[in-house]
Each structure stands twice: as C-alpha cells, then as structure tokens.
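Architecture at a glance
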Amino acid sequence: MHYHRSIPYTHLNHVFQRDFDGYMPPVKAFAGYSFRSNLPRYTYILIALTGFLGLLGGGTAVGQPVARQGVLDLRQTDLSQDDVALRGEWVWYWNQLRLPNQPESAHEFTDFPKLWSSSQWQRHAIPSQGFATYRLTVLLPPGSAPIMLKVPDHYSAYRLFVNGTDVAHDGNPATTAAQTIPHWSTQLVRMPAADTLQLLLQVANFHHAKGGASQAIRIGETTQMEASMATDRALALFLTGCVLMIGLFFLGLYGFSRMDHPMLYFGLFCLVYSYRLIGTNLYSLHTLFPGLPWGLTLRLEYASLYLAIGIFVIYTQSLYPKDTHRRIITPMTWICFLFAGTVLVLPTVVFTQLMNPFLVLMVAYIGYAMYVYWTAYRRQRPGAAYSLMSTGLLLSVFSLILAQYFGVATPVVLILFVGYVGFFFLQALVLAYRFSFALNEARYTEKQFLANMSHEIRTPLNAILGFSAMLETTPLNTDQQEFLGFIRTAGKNLLTIVNDILDIAKIEAGMLPLESIPFSINSLTDSIRTMLQPVASEKNLQLTVYVDPSLPAIVLGDPTRLTQILLNLLSNAIKFTKQGGVTARIEKLDETADLVRVRFVVQDTGIGIAADVLPYIFERFRQASDFTTRYYGGTGLGLNIVKSLTEMQGGWVTVTSRLGEGSCFTLEIPYKIAPSQVETEGDLFVAPSGLIGQNVRILVVEDNMMNQKLALQVLKRLGYTAQVAENGQEALDKLQEEPFDLVLMDIQMPVMDGYTTTRHIRNTLQNSVPIIAMTAHALASEREQCIQAGMNDFLPKPFQVEELQRVMRKYTPMARPDAVADPLPAQPAPAPPQPATSSAFTLEPLLNAVDNDPGFAAEILDLFLEQTPVELEQIRQALTAQDTKTIGRLIHTQKVPIRTFGLTYMSPLIATLEEQIAAGNEAADVAPLVKQYIQAIETELPVMRLALETTLRGTTAD
C-alpha cells in the first residue's frame, strides 16, 4: 500500500491542494425524498467507516527520510516496499533559473514543497509571481532496481534536470511572463542507473495567483510507480465515464417528459462535474490531449467548480422546495454564477485569487446543506435518507482532503474513488426513489380517479338498469318495449366500458385474482354460443362453434376469465362482420396426465385489419382506424384485456388478418385436468318439500332513493323481507330496535358512512350480523377496506340479480324454526333408499317463486348451473380433507334452491346428512351419503341446462 501517494482526480481544485487555492467538494444542497427507516444510523456508521478506511489507507511523512541541507539519503531505504516523497530542505535560488554545471551563486535552504507566498528570501517576503531554482542530491541504495520519479504539476511551469540531463518539463519556465508558457500535468520520469541523483528544478509563475510547489516529487521502483499511475488514471477515467453516463441518462429521461426538473439539474451537474474528475489533479485530460491551451483548461477547471455548485444548489431547491428558503438559495446560486462570470472576463492571475473567498462560502454552503437534509429527513421526505448517506460520504471525503492539507494523513486513491462512487450512486438513488414515489402517487391517484368515476357512473347505471328490468315486467306497447330495449342496451354498453377500464386498472395493479376451479369448456362455450346467437342471427350471420370431443370433460381454471376472453373476441367478430359468418374452434393440442393445452381460434369474414395496424392491435385504445371507432364504437380496450388475461393464465394470443377478408385470432391456454369423479351407486330418499326462507329479514342501508326502491323490489321478488335505513346512524338505531339476518351496506352515505357504521356494529353493538358492502366502487383495494372494516362480503353496483342471490345464499339462513312459510309435511324416518329412475326436476315451483317471470327464472337457474359444479367440487375437496363443517355449510346453502327446483326427493337425504354432521360423525361415516347427494345433483344438472336453453330462454326470446 502506497501511503504517501498524491491524491488523483479529487474534486478539489488542484490549486486547493496548494494552500486552499483549489476547490472543495461540491456542497450537497441535496435532494430527494425520505422514507421512514433507521438509515441515519447507517449514515453515521458509513461516515465513520469511510474516515477510518481513509486513515488506514494514508499516513504522514513521519518515519520517512527527509532532506537535510539539500541532501536526501535513501541508502538505507527499500524502495521496492514503498515510494518516498522528496521532502525536506532543498537548496533554493530565488529569481534565478540555473542550469546544470553552472557556477555556484547566492542560495538558501527552504522546505519543499512550499508556496512562495509562505516563503522568504533573505528574510523578506517574496511575491507569488517570479522564478526560482531548486536543487537536491539523492543518495540511492547501491545496485537498486530501476527507479522513476513521479513529478506533479507546479505553479505554473517547470523544467527538471537529473544528473545534468533535461528529463522532464511542464510548459516552459522563463524569466518573463511573455516567455513563460504555463502547463499542468503529472509525469513519470525514468531515472538513470546511478547511485546518486542530482536534481535541478526550474519553476516559473507569472499567470497564477499562487506560485511555487504544492506537491512533493516522489521516487520509487519503476514497476510500482507505473502500476500506481496506471491505476490512478484508470480509476479517474472510469469514474468520469460513469458520471458522464449518469448525466446523459437523466437528461434523456427528462427529455421524455420535460416535467421532472430535478432530473434536468442533476444531469447538468453530472456533465459539468465530470470535467473535475478528468481535468484536475492528475490531469488525465491533458495527457490525452497535450495540445490543450493552459488558459482554456484553467478556466474550465474553475468555471466547472462554480457552475457545478450553483447547479447543485438549484437541484436541491427543486427537490426540497418546502425545506429550503428562497431568500438563501437565490443569493447562493447567483454568487456561484458571478464567480463563474469572473472566470470568463478576468485575467487568470486575477480570478485565481478569488478561490479562497469562495472556500469560505463553501463552509456556509455545507452547513446549510446539512440543515436542509436533516430537515427533509425529519419531515419524512421520500428519499431523504439516501441524501443523508451521500452527504455523509461527501463529508468523509472532504475530511480526508483536509487531513491531507494539514499533513495529518494522505488518503489512498481507492478510498476516495469509493467515496465518489457512493456519492453519485446514492444521488442517483434519490432521483430513482423520487421517480418511484411519484409513480406510486400517480397510480394511487389513478385508483382514486377510477374509484370515483366508478361511483359516479355506476350509481345512475344502477338505477337505469335496475328500473329497466323492473319496467319490463309491466304492460308495455311495442314502441315502449323497443325504447326500453334501447335503454338497456345503452346501459349495458356503458357498464361494459366501465368494467373494461376497471379491469385494466386491476391488471396493472396485480389485483385481478385468477381462480382455479373445475369447469367444463364444452358447457362454457355452449353458453357463450347461446348468448351470442341472437346477435348473430339479427345480422344474418352464421355463428359456428366447434369443440374438440377429445377435450377433458372437466378442467381446473378460471371460467370467468375465459368467458371474458371469448366474449370479447366473438363479440368483436360479430360486430365487424357484415356478411358471412363467425367460427370458433376449440381444439386440444396435447395432453399429459394432469395438463391439457387448449387452442381457441376465432375467425370471421369481416372488414379485416390493415397490415400496418396489425402489430399494434393489442395495445390500449388502439382500433383498426378512426372510421372504425366512429362507425362501430368501442374503446379499444377489449383486445388488450384479452392479451393480458391470456398471458396471466400462462398462454399467448396472436392475430392474422387481411383487409376486407377477415381476421383470425388464435390463443392457447394450458389447463390442469380435474381429478376423475368417483362414481357411486346408491338409493335416494323421496319426500315432499316446500319453500322456506321468506322470513329472512334484511336491512338495506342506502341513501339514494332510486337504489332503495330497486333493492327493495329485487329483494321482494327473491322472497325476502327488507327495511331501509337512509344512513349509518339510522341503521344503528334499527339494529338496536330489532334483529336482522343480513345487512346490505352502502359505503358513501351522509351522517355516517358504511365503514364507520360497520365498526360501530361490530365494536359498540357487538353484533355479528352478516354485512354485505354495496358500493359503486369496484376496485380490489375497496374490497380489502370493506373486509378490514368488518364486513363479510362485497357486492359492486349495479349488481345483477344473480350476484345478489349468490351473496344472499351464502350468508342468509335457509330455514328457521319460526319460518313464515308453507308448512312442510312431516318427514318420515329414512327408509331404505330407492334409486330415482328419472329426473324429478320441474320448472313450476321456480316460476311460482318468481311470479311467472321466465326471464328472472332463467337468471336464477343459470346462476344455479354456474355455481353448483363449483360447490360440488368444494364438497369433494372437503370430504377428502375430512372437513365435515364445510360439507354441512355447502349442502345447507343448496337446500332452498333444490326445493325451489322441485327436487323434493332429496330433502330426506339432506336432513339425514345435516343430522349426522351436527351429531359430530366423522367424514368416513357420512361419505356414502355425501357421494349419493353429489351423484343426485349431477344427474339433474343436464336436465336443468336443457330446460334453461329450450324452455326459459326460448320463452324470453319470444
């Protein structure tokens, strides 16, 4: 380790290293944001560690030989271990530029290195402008390896003779200003093979405020000195490249938006500051371009310091506008720019005198910067902890440089390099953290906007769709029915747009969960075909759906998302096709023991997509042309949702198209194959049944009158008794007056909102009544807030009847001892089960329950057909897990629908199951009855599906 090596590429001006005439590290009027953490503790540790490493990596001249009376004896020094600074008493000739072998003249002894402003000749102070000669005799160890001198720059030109030979020069020293050519560089000079070296150094200065020598010449082995110099320059070049690229990166990033001004200022700071790393101290830039004029490089050196600090002050203010004081920042900035202006207009010998006053200002800058960063951290600004850490590193580096100036220690290059890298890296983290924070804020704002938009749009939609549905049940003439159809169509289209936007938001936020439940691809596509067939027929289009018969009967996946994908693709195909037809093919590609890969192809003979638009068709808000948007409508979100949902399920989607001929969308999705269903033979009980559940008392907490009426009508048609509370306080009063079985709770209400009301119900009233959130908001985060407040479930508005029925079935009791319903015949004791020879399903009880409304009956039956396979699979899983509680709950929820559909023969079986589960029987004991129950339900499902398609929907269409 080279303990006395001079400091390369520090961001101190090289003049500062000569009696404080260089620059100090740019003060961090740092910026950023802060976050809550214990990072300040790490900051102090980092400062201490950096300073400690710096002291370990440096040392003083104590213990090394020093010159006496112009002679430096190194005969006992091992130069292979370390290089040595040629310090001590040199022979000195003032106002003389002596040559080798010239007769002796008046001389004195002076310390070297030393500035002329601190020296005396014949006991008189001397000016900083002039010329002088230094002489030193160096005694080397006999037979030493090849050695070199490392000669730093001096103020402001020098020439070095060794044993009478001119071996190095920097510029041209002379006795007049006109003849003197200043230049600064650091050079390595090979020494002749000799036991004694006679050094003669000429120094002249007429162009700088400081004159003389500020750094020691060093001597060491050639290999060691060359490696050290190469390392120092490589680190300087590497650091310069990094800082330059950081600056260009942030300038480019700013150029994209032109809004985040701190990025602009930090980028400019890095570009300006990068000159300090390569154009000072070692002067690597001068080595690369030796022909650069000294006057130009000196002005760049000083100007880059002043401008860098001024820009950094502005950068700080832009990051911490609320933590800085404009009355302080503005003068600080203008002072820096005024100092930079002096560099442009004043002679070099004049503006270089202004460095020391600027250093005094730098101390004030550092103090104010620390105040700003500490204030920002205390106020928890995002990223402020990174600023404190970078400030700690900067102060550590500055402390090491001061230690070198006062002769306490000389830090090694690597320590300073690490300090600078850490400083710029942490500053970049400040901006990155700021960018991330701003992005999260934007996402939060977007979520709030979507939530508010959802509420403002869904609330009137709730009334439009709900009352339209109710209006359809009243006598209407032909025109009225047509107008009502237009209203419902427009409302549903608007609801689709809102749902698409919300789906995009959920996908972006990662809040769109995927289910993995058993479903039939065949049944799903058949339902979609049935749904879209009337639309295709209205346009005289042929809708063909082909399903590969070799597909597994049941797969595990998300049927809702697959339905959304296929509906988007098929609806688009029908919308953009005027003649011909639309074909959907579902094919099995390959199948393993537990996985099947399914390909879905949707092809049409429509308008097609232009070749130049095709690559961007899955982007948001992108449609084939402006004409398409105006003529066909839509938002351009559907295909983007299709692509996102497909990829979320591990699949991919592509499109091929020819303009005027049609398009073909192809997607593949892998699905797990559901476990084989266990076939169980058994007998079923037969007994009469009646409807129950009409006694369920429901409290609707809603402030909107239209929504109140709609909710009451729907609940009435479902057979429930309901009361209304217009706000949360009224709901609390009603709950204290009488018990309710379920509460439908709106979120946004006057007096007391839904969240506060729910907390009062749970904590103050100590009431565990099921509470269902009814809100026009539809974000996943809203659901989480509802659950955290103590609600049981979430129902977005405008709710469909089937959604409300699903929630009601989940949380309402299906039978009570005091049920106000048709009395049920006494159930006989279970007899030996007898198999049902045919289906007992009938539509009559269902139609009676919905006042002979086939449309409403179809909704209920469709809901049952959608939910029951899922619930049956849950029963199987619970049976495998020996979870009898879940089995009982699921069977209990199906009891009323089963009776509603006329399946009265299953009532004794359900009663027996409930009795055995209530008695605490093991899962193995109830397994035969559970399997009989599942088999009975699955036997009825195809009959129900046939009745839905042929009878109810046919009646509705008529």
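So, here's what we can say about the structure. (Residues numbered from 1 in each chain as written. Predicted model: local features only at pLDDT ≥ 70, side-chain atom pairs only at ≥ 80, totals over all residues. Heavy atoms only, no water.)

Quick look at the overall build of the protein chain
The secondary structure content of the protein chain amounts to 25 helices and 25 strands. By residue count, 52% of the 958 residues in the protein chain fall in the buried class. Restricting the contact set of the protein chain to residue pairs at least 6 apart, pairs at least 24 apart contribute 76%. Carbon and sulfur atoms make up 57% of the accessible area of the protein chain, which totals about 42600 Å². (Helix = DSSP H or I, 4+ residues; strand = E, 2+ residues; numbered from the N terminus. Buried < 20%, exposed > 50% of the residue type's maximum accessible area, 1.4 Å probe, protein only. Contact = heavy atoms within 4.5 Å. Areas by Shrake-Rupley, 256 points an atom, 1.4 Å probe, with all protein chains shown as cover.)

Examining helix H3 (residues 261-278)
Its 18 residues give H3 an end-to-end C-alpha distance of 27 Å, which sits within 8% of 26 Å, the value for a rise of 1.5 Å per residue. Looking only at H3, the buried set comprises Pro262, Met263, Phe266, Gly267, Phe269, Cys270, Tyr273, Ser274, Tyr275, Arg276, Leu277 and Ile278. (Expected span 1.5 Å × (residues − 1).)

With respect to the pairing of strand S18 (residues 595-604)
Sheet topology note: the strand S17 (residues 581-591)/S18 ladder contains nine bridges and is antiparallel. Paired with isoleucine 586 across the bridge in S18 is phenylalanine 600. Linkage of S17 to S18, two consecutive antiparallel strands, is achieved through a turn of three residues. In the sheet, S18 pairs with strand S20 (residues 662-673) via nine bridges, with the strands oriented antiparallel. For valine 601, the partnering residue across the bridge sits in S20 and is threonine 666. (Pairing = 2+ DSSP bridges.)

A closer look at the sheet that holds strand S2 (residues 84-85)
Strand order in the open sheet formed by four strands is S2-S13-S8-S11, with antiparallel pairing between adjacent strands. With one partner strand each, in any of the chains shown, S2 and strand S11 (187-190) form the two edges of the open sheet.

Comments concerning the pairing of S20
Most of S20 sits inside the fold, with 10 of its 12 residues counted as buried. Alignment of strand S16 (residues 555-557) against S20, held across two bridges, turns out to be antiparallel. Bridge pairing in S20 places valine 555 opposite isoleucine 673. Counting the residues in the hairpin turn of strand S19 (residues 652-658) and S20 gives three residues, including glycine 660, whose phi is positive at 85°.

Some words on the packing of aromatic side chains
Per the counting criterion, the structure on display carries 30 aromatic pairs. Geometrically, the ring pair formed by phenylalanine 423 and phenylalanine 424 is edge-to-face, given 4.9 Å between the ring centres and 75° between the ring planes. A relative accessible area of 2% means that phenylalanine 424 is categorised as buried. Feature note: the residues Phe249, Phe250, Phe266, Phe269, Tyr273, Phe312, Tyr315, Phe423 and Phe424 constitute an aromatic cluster, connected by ring pairs. (Phe/Tyr/Trp six-rings, centres within 6.5 Å; stacked < 30°, edge-to-face > 60°.)

A look at the packing of helix H6 (residues 326-345) against helix H8 (residues 355-378)
Running from amino to carboxyl end, H6 crosses H8 at an angle of 150°, the nearest separation of the two axes being 12 Å. It follows that H6 is roughly antiparallel to H8 by the angle criterion. Relative to H8, H6 is oriented so that their crossing is left-handed. Residues Ile328, Ile329, Met332, Ile335, Cys336 and Phe339 of H6 lie in contact with H8, whose contacting residues are Phe358, Leu361, Tyr365 and Tyr368. Among the residues forming the contact of H6 with H8, the class breakdown is 10 nonpolar, no polar and no charged. (Axes fitted to C-alpha atoms, helices over the stretch in contact; angles between N-to-C directions. Parallel < 35°, antiparallel > 145°, perpendicular 65-115°, else oblique. Left-handed = near helix turned anticlockwise from the far one by under 90°. Nonpolar A, V, L, I, M, F, W, Y, C, P; charged D, E, K, R; others polar.)

Here we look at the nonpolar core
Counting 54 residues, the largest nonpolar core has Ile698, Leu744, Ile875, Tyr933 and Met944 as its most contacted members. Take this core: its biggest share by element is 13 residues, from helix H25 (residues 923-957). Summarising the domain contributions, this core has at least three residues from each of domain 3 (697-810) and domain 4 (843-952). The contacts of isoleucine 698, once residues within four sequence positions are left out, are Leu715, Tyr720, Thr721, Ala722, Gln723, Phe740, Leu742, Leu744 and Met808. Counting residues in hydrophobic clusters, the runner-up holds 42 residues, among them Val555, Ala573, Val596 and Ile673. (Core = buried A, V, L, I, M, F, W, Y, C linked by side-chain atoms within 4.5 Å. Domains from an automatic or database assignment.)

Focus on helix H17 (residues 728-737)
Looking at H17, one finds that the buried residues are Gly728, Ala731, Leu732, Lys734 and Leu735. In a view along the axis of H17, the buried residues occupy a sector of 165°, so they form one face of it. In H17, the exposed positions that point more than 90 degrees away from the buried face belong to Gln736 and Glu737. Summarising the contacts, the buried residues of H17 are in contact with strand S21 (697-701), strand S22 (721-725), strand S23 (742-746) and helix H18 (754-764). The N-cap residue of H17 is asparagine 727: its side-chain oxygen and the backbone nitrogen of glutamine 729 are 3.1 Å apart. (Arc of directions from axis to C-beta. Polar contact = N/O pair within 3.5 Å; in protein donor to acceptor, adjacent residues only side chain to side chain.)

Section: the packing of helix H5 (residues 294-319) against H8
At their nearest, the axes of H5 and H8 sit 12 Å apart, and the two run at 20° to each other. Between H5 and H8, the angle is such that the two are roughly parallel. As H5 runs across H8, the sense of the crossing is left-handed. On H8, the residues touching Tyr302, Leu305, Tyr306, Ile309, Val313 and Thr316 of H5 are Met355, Phe358, Met362, Tyr365, Val372 and Tyr373. The residue makeup of the contact of H5 with H8, split by class, is 11 nonpolar, one polar and no charged.

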